[in-house]
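Close look at the chain arrangement
For reference, the chains in residue letters:
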Amino acid sequence: MSGTKKELIEMDDWNRRLAKAKVSKQDLDRLVMNFLVIEGYKDTAENFAREAFIDPGVDLSAISDRMEIRSAMHTGDVETAIERVNDLNPEILETNPGLLFHLQQQRLIEMIRQGQVKEALEFVQEELPPLCEDNASFLSELESTLALLAFENLPQGEFSDNLEPDGNGAPPELRVLLAPLQRHKTAAELNAAILSSQAQEKESKLPMLLKML
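Description of the structure in this document. What you see is a predicted model; the values in this text were computed from it and never measured.

Focus: the packing of helix α4 (residues 62–74) against helix α12 (residues 180–197)
Contact geometry of α4 with α12 gives a least axis separation of 9 Å together with a crossing angle of 160°. Comparing their axes, α12 and α4 come out roughly antiparallel. Where α4 crosses over α12, the handedness of that crossing is right-handed. Every residue of α12 that contacts α4 at Arg66, Met67, Ile69, Arg70, Met73 and His74 is listed here: Arg183, His184, Thr186, Ala187, Leu190, Asn191, Ile194 and Leu195. Residues belonging to the contact of α4 with α12 are distributed by class as follows: 7 nonpolar, 4 polar and 3 charged.

Okay, structure coming up:
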């Protein structure tokens, strides 16, 4: 599988492009701070705020909560992530059924990954029907997730991005649910919801500027 080749920009070329974009240092500093806050680089944001004499505009200590939640998601500890979110602000999940469904779907995926078939089926019966009964797309996603139970040779425990089927394994379109990208995708959705609840932007503006250069 071929990856996207990244363009390498020399420093002189970067400075020329930046000059043409007519971005002031103050605006650029704000964009950098915006990126650090949204992506969760708390220590770097604190250092940058001091060095650039810029107000981050938010309580940087709140970043730690988001990053602990994201870390739990990235390791598959969805239950802990949900508990931490509810401690932070229970309205985040109460007012976002799509996000709640995807978190519960991820819990189901983690059970399937660990071979906990009985627990997975009990979890589906107890937790997911109320979320799916009024949403056909949720039901379709749930059916795809449950289809994983029909296949052998599913990666358990630590896993990789290898989506090629192996013997009686699931096809790539189902194995993608077990790839790191699925955890990260759900974590990003949760991170955006937390940011929104704190009246912060969901996405950094810095990547958009870089695309313009």
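Observations regarding helix α8 (residues 117–127)
Note that an α-helix has 3.6 residues per turn; residues three or four places apart therefore point the same way. Those residues of α8 not exposed but buried are Ala120, Phe123 and Val124. Projection of α8 onto a plane perpendicular to its axis shows the buried side chains occupying an angular sector of 100°, all on one side. The exposed residues of α8 that point more than 90 degrees off its buried face are Lys118, Gln125 and Glu126. In this fold, the buried residues of α8 make contact with α7 (97–113), α9 (129–132) and α10 (136–146).

Re a negative patch on the surface
Negative charge collects at one region of the surface, where Glu119, Glu122, Glu126 and Glu127 lie side by side. Following the sequence through the fold, Glu122 ends up in helix α8.

Describing the environment of Leu174
For Leu174, the location among the structural elements is in helix α11 (residues 172–175). According to the relative accessible area criterion, Leu174 is buried, its value standing at 12%. Spatially, the C-alpha atom of Leu174 lies 7.8 Å from that of Ala147, the residues being 27 residues apart in sequence.

Section: the environment of Val117
For Val117, the position within the fold is in helix α8. The spacing of Val117 and Leu149 is 32 residues in sequence and 7.4 Å in space, taken between C-alpha atoms.

Reading guide: rules and limits
Residues numbered from 1 in each chain as written. Predicted model: local features only at pLDDT ≥ 70, side-chain atom pairs only at ≥ 80, totals over all residues. Heavy atoms only, no water. Axes fitted to C-alpha atoms, helices over the stretch in contact; angles between N-to-C directions. Helix = DSSP H or I, 4+ residues; strand = E, 2+ residues; numbered from the N terminus. Parallel < 35°, antiparallel > 145°, perpendicular 65-115°, else oblique. Left-handed = near helix turned anticlockwise from the far one by under 90°. Contact = heavy atoms within 4.5 Å. Nonpolar A, V, L, I, M, F, W, Y, C, P; charged D, E, K, R; others polar. Buried < 20%, exposed > 50% of the residue type's maximum accessible area, 1.4 Å probe, protein only. Arc of directions from axis to C-beta. Patch = residues over 30% accessible without salt bridge, like charges linked within 9 Å, V, L, I, M, F, W, Y side chains within 5 Å. Areas by Shrake-Rupley, 256 points an atom, 1.4 Å probe, with all protein chains shown as cover. Salt bridge = Lys/Arg side-chain N within 4 Å of Asp/Glu carboxyl O. Lys, Arg positive; Asp, Glu negative; His and termini not counted. Charge placed at Lys NZ, Arg CZ, Asp CG, Glu CD.

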